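Structural features, examined
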Amino acid sequence: MKCFYSYTKIFRFCNIIILFLLFCYCNTQIKNNTSLVQPITLNESTSLDSLNIELATKAAEISNQKLKTFLEVTECNSIWLNESLELNDKGIELLNLLQHQELQGIKPFSYLSIDSINNMNGITKDTLLTLYFIEIAEKVAYGSKDSLFDIRPFEKRITKVDFIETLAQQTVNHELSKVIESIEPKTKYYHELKEALKNYALRTSLSKEKIEIPRIKKDTTAAFLSTARVLCNFGLIDSIAVDKKQLITALKTFQKEHGLNETGVLNKNTVKSLNKSPYQYYLQGLLSLEKWRKRADWTGEYIASNIPEFTLSYIKNDSTISHHRTVIGKTWSPTPQIKSELEYMDIYPFWNVPSNITNNELIPKAIKDPKYLSRNRYQVFNGKELVSSENIDFSKGGNYKIRQKGGSYSGLGLIKFHFKNNYNVFFHDTPSKKLFNKEIRAYSHGCIRLENPFDLANNIIKDSIANYEGGIETIAKKRKRKKMYLNYKIPIYIHYTLTTTNNNKIIFHSDVYEKEDFTALKINN
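Structure report, in brief. (Residues numbered from 1 in each chain as written. Predicted model: local features only at pLDDT ≥ 70, side-chain atom pairs only at ≥ 80, totals over all residues. Heavy atoms only, no water.)

The next subject is the overall build of the chain. In terms of regular secondary structure, the chain is built from 18 helices and 15 strands. When burial is assessed residue by residue, the chain has 49% of its 525 residues classed as buried. Counting only contacts in the chain whose residues sit at least 6 apart along the sequence, the fraction spanning at least 24 positions is 65%. As displayed, the chain has an accessible area near 27,900 Å², and 50% of this comes from carbon and sulfur atoms. (Helix = DSSP H or I, 4+ residues; strand = E, 2+ residues; numbered from the N terminus. Buried < 20%, exposed > 50% of the residue type's maximum accessible area, 1.4 Å probe, protein only. Contact = heavy atoms within 4.5 Å. Areas by Shrake-Rupley, 256 points an atom, 1.4 Å probe, with all protein chains shown as cover.)

The structure is reproduced here in C-alpha cells:
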C-alpha cells in the first residue's frame, strides 16, 4: 500500500512537470510564431462585409478589453483590410510601422512579414493587426510597461482614461503618422531626439560589431586602421581606404557626436567611445526616449540642466533663450536629479560652507597653514560669534561654522540661483573658468557651476522681476549682497539623460556616473 501511494505521488508529480514543460513550449511558440496567435476564433470570412458581421457577432465574447473597446468605437468595421480582405493603404502603413519600429525609437517587440500576414485568414489578420497597433501606440505614448528605471523626482506621464477610444477614433479618420504624432510626448527634447535617432539608425544600419582600438603608441598603423573600420560602421566614411585628412575629419565628426572636444586625436575618451558599437549607442538613445515618454511633458517656461551633457538651458515655449556649459559634481559627490522651482537670485553671495567640506577639506588645510582661511576670505563662527581663524587650534576639535565672503574669488562667484531641494544644491558662478573647456566636467561638490551666469540672470529678470532696470553686473559692481526675488517661480529640472541633440544632430554623452549601461542592456534583453 505504501508503494502504491508512493508511485501515485510520483505519477502526479511527473504529470505536473510535463504540463509545466508543455505550457512553456506553447508560450514560446506563440511568442515566436505570429501565425499561432488568433485573437478571435471565427469561421473563415470571404468578404469584408461578412468579416465585419462576424466581428460584430463575436465582439461581446472578446476578453481583451482594449481590443473590445477599439472594435466598439470602430463599430466592428475593419480598418486594415480592403474588400478582398487584403491589406488596404492603412494596413500597409501599419505593417511598415511594425517592420520598422526602430525608426520610431521603439525596441521591436514583434516581426511581421507580408507573407505571414497573407497566410492568415481575414479575422485573424484584422484582430492581430489591431492588437499590435494598440501595443505600439501605448509604447509610443507612455513607454514600456516594464519598470526600467525610477522616474523620480519627476512627475509621471499619466495614462488617459479614454486613450483607446480616442486612438480608435483618430485611426478611423486620420493617417497613422498623424495618429502617432498626436499621442507622442510634447516635450521639444523628445521630438528632436526621435528624429535624430531615426537618422542615426538609417545611417549606421545599427551594426553590432565592436572593434577594439589598439594603443596608438604600440601600433600606430593598426590603431588608425581599426579607427577607420569603426568610422565605416558609424557611416562617417564610405571605405577604410581614405587618406589621413579624411580620416581626421570623420574622427572630429565622431567626437562631436559623442560630446567630446573636436581634436581629431585618438585620446583616452575618444578611444573609449570608439570601442562601443553603433547598436550599443542606439540602445542608449532608446533609453533616453523611454525617459521622455515616462516623464510628464515639460512645456512653457523652464530651466533644464542635463547632468551628463554638462549644460543648462533656459527655455520658453520650445525656444532656447540662453544655453550654458556647466561643471557638475565629482563621481564621489554626484549632482542629483532634482525637480524644483527657481525662487530668487543672490548677488554677491556669502558661501556658507557645508559641514562635510569644512571638516574634510578646510580644517585640515587650516591646521597645516593657520593663515589659509583668512587669506582666502573665509570667516569662522563659534556659535554666532565671529572669531579669528588664526588664533584657533583646530586640531583640538570644536563645532565651528565657516563661510566665505562674497566676491569674484568666492567659490560661488558673483551670483547664486536658489531653489529648494534636499541636497543643498544650486546653480552658481565660479572663479574656475578654465574647467569649462574640459571634456568631462565633473569637479564640483554637487552644485552646478555655470558659464556666463549673468546672461541667464539678465534673461530671467526681463520678465520675472518687477520694476527692475539695468543689468545684474551693475548690482554686482556695488559689492553688496542683494537677493532678487522673482515675480513667479520658474520650474527647474536637473536630469540625467545620456542622448541628446544639437542642431538636429545626435549626441551620445559619456555615462559619467556609470548609471545607465546596465539599464540599456535591460532594454536589449
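There is more to say after this.
It is at 10 Å that the axes of helix α3 (residues 65–73) and helix α6 (residues 122–142) come closest, and there the two elements cross at 105 degrees. Considered as vectors, α3 and α6 are oriented roughly perpendicular to each other. Contact residues: Lys66, Leu67 and Phe70 in α3; Thr127, Thr130, Leu131, Phe133, Ile134 and Glu138 in α6. Across the contact of α3 with α6, the residue classes tally to five nonpolar, two polar and two charged. (Axes fitted to C-alpha atoms, helices over the stretch in contact; angles between N-to-C directions. Parallel < 35°, antiparallel > 145°, perpendicular 65-115°, else oblique. Nonpolar A, V, L, I, M, F, W, Y, C, P; charged D, E, K, R; others polar.)

Time to look at the sheet that holds strand β7 (residues 385–387). Strand order across the open sheet formed by four strands is β5-β8-β6-β7, with antiparallel pairing between neighbours. Only two strands of the sheet have a single neighbouring strand rather than two, namely β5 (351–352) and β7. Sheet topology places strand β6 (residues 378–382) next to β7; three bridges connect them, and they run antiparallel. Its bridge partner being in β7, asparagine 382 is matched across the sheet by glutamate 385. (Pairing = 2+ DSSP bridges.)

Turning our attention to the side chain of glutamate 343. Tracing the sequence through the fold places glutamate 343 in strand β4 (residues 338–347). Among residues more than four places away in sequence, those in contact with glutamate 343 are His418, Lys420, Met484, Tyr485, Leu486 and Lys489.

For the rest of this paragraph, the subject is the pairing of β6. With respect to burial, β6 is a largely interior element, four of its five residues being buried. Where β6 lies against strand β8 (residues 400–404), five bridges are found, and the strand directions are antiparallel. Residue pairing in the sheet places phenylalanine 381 in a bridge with lysine 401 of β8. Counted between consecutive antiparallel strands, the loop separating β6 from β7 contains two residues, among which glycine 383 sits at a positive phi close to 70 degrees.

A ring pair, where both rings are aromatic, is described by two values, the distance of the centres and the angle of the planes. This structure, assessed with the given rule, holds 21 aromatic pairs. A centroid spacing of 5.9 Å and a plane angle of 20 degrees characterise the contact between tyrosine 496 and tyrosine 513, whose relative ring orientation is stacked. Here tyrosine 496 is found in the loop between β13 (482–495) and β14 (499–502), whereas its partner tyrosine 513 is found in the loop between β15 (505–508) and α18 (517–524), with 17 residues between them in sequence. Positioned above the aromatic ring of tyrosine 281 is the side chain of lysine 276, whose terminal nitrogen or guanidinium carbon lies 4.9 Å from the ring centre. For the cation-ring pair, lysine 515 lies above tyrosine 496, with the distance from its terminal atom to the ring centre recorded as 5.3 Å. (Phe/Tyr/Trp six-rings, centres within 6.5 Å; stacked < 30°, edge-to-face > 60°. Lys NZ or Arg CZ within 6 Å of the ring centre and 35° of its normal.)

Time to look at the pattern of salt bridges. Side-chain pairs of opposite charge can arise whenever the charged atoms involved come near each other. Inspection of every chain in the model, using the stated rule, returns 15 salt bridges. The salt bridge partner of glutamate 192 is lysine 188, with a shortest N-O separation of 3.2 Å. Placement of the pair is glutamate 192 and lysine 188 together in helix α9 (residues 188–204), with a separation of four residues, close to one helical turn. Of the residues examined, lysine 188 reaches a relative accessible area of 11% and is grouped as buried. The salt bridge partner of arginine 375 is aspartate 369, with a shortest N-O separation of 2.7 Å. Looking at arginine 375, the relative accessible area reads 52%, which means it is exposed. (Salt bridge = Lys/Arg side-chain N within 4 Å of Asp/Glu carboxyl O.)

Attention shifts here to helix α4 (residues 89–99). What α4 keeps buried is the set Lys90, Gly91, Leu94, Leu95, Leu97 and Leu98. Down the axis of α4, the sector holding all buried residues measures 160 degrees, keeping them to one side. For α4, the secondary structure elements touched by its buried residues are α5 (114–118), α6, α7 (163–173) and α8 (176–183). Structurally, the start of α4 carries an N-cap: the backbone nitrogen of lysine 90 is 3.1 Å from a side-chain oxygen of asparagine 88. (Arc of directions from axis to C-beta. Polar contact = N/O pair within 3.5 Å; in protein donor to acceptor, adjacent residues only side chain to side chain.)

Structurally, histidine 258 can be placed in the loop between α11 (244–257) and α12 (268–274). Using a relative accessible area of 2% as the deciding quantity, one classes histidine 258 as buried. There is a polar contact of 2.8 Å between the side chain of histidine 258 and the backbone oxygen of phenylalanine 254. When sequence neighbours within four positions are dropped, the list of residues in contact with histidine 258 reads Phe234, Ser273, Tyr281 and Phe508.

Before going further, it helps to examine the nonpolar core. Phe133 and Tyr200 are the most contacted members of the largest nonpolar core, which has 70 residues in total. Here this core gets 10 residues from one element, more than from any other, and that element is α6. When residues no more than four places from it in sequence are discounted, the contact partners of tyrosine 200 are Leu206, Phe234, Glu257, Pro278, Tyr281, Tyr282, Ile506 and Phe508. One finds Tyr314, Ile357, Ala442 and Ala476 within the second-largest nonpolar core, a separate group that totals 54 residues. (Core = buried A, V, L, I, M, F, W, Y, C linked by side-chain atoms within 4.5 Å.)

Turning our eyes to something else, we now look at α11. Here α11 contains 14 residues, and its C-alpha end-to-end distance of 20 Å stays within 8% of the 20 Å for a straight helix at 1.5 Å per residue. Every buried residue of α11 is accounted for by Leu247, Ala250, Leu251, Phe254, Gln255 and Glu257. One side of α11 carries all its buried residues, which in axial view fall inside an arc of 155 degrees. Contacts from the buried residues of α11 go to α9, α10 (220–233), α12 and β15. Structurally, the start of α11 carries an N-cap: the backbone nitrogen of lysine 245 is 3.2 Å from a side-chain oxygen of aspartate 243. (Expected span 1.5 Å × (residues − 1).)

Looking at chain direction, β14 and β15 are connected through four bridges and run antiparallel. Counterpart to threonine 501 in the pairing with β15 is isoleucine 506. A loop of two residues connects β14 with β15, the two strands running antiparallel in sequence, and asparagine 503 in this loop sits at a positive phi of about 55 degrees.

The next point concerns the environment of lysine 66. Here lysine 66 is to be found in helix α3. Residue class for lysine 66 comes out partly exposed when judged on its relative accessible area of 32%. Contact partners of lysine 66, with chain neighbours within four places excluded, come to Ile134, Glu138, Lys145 and Ile164.

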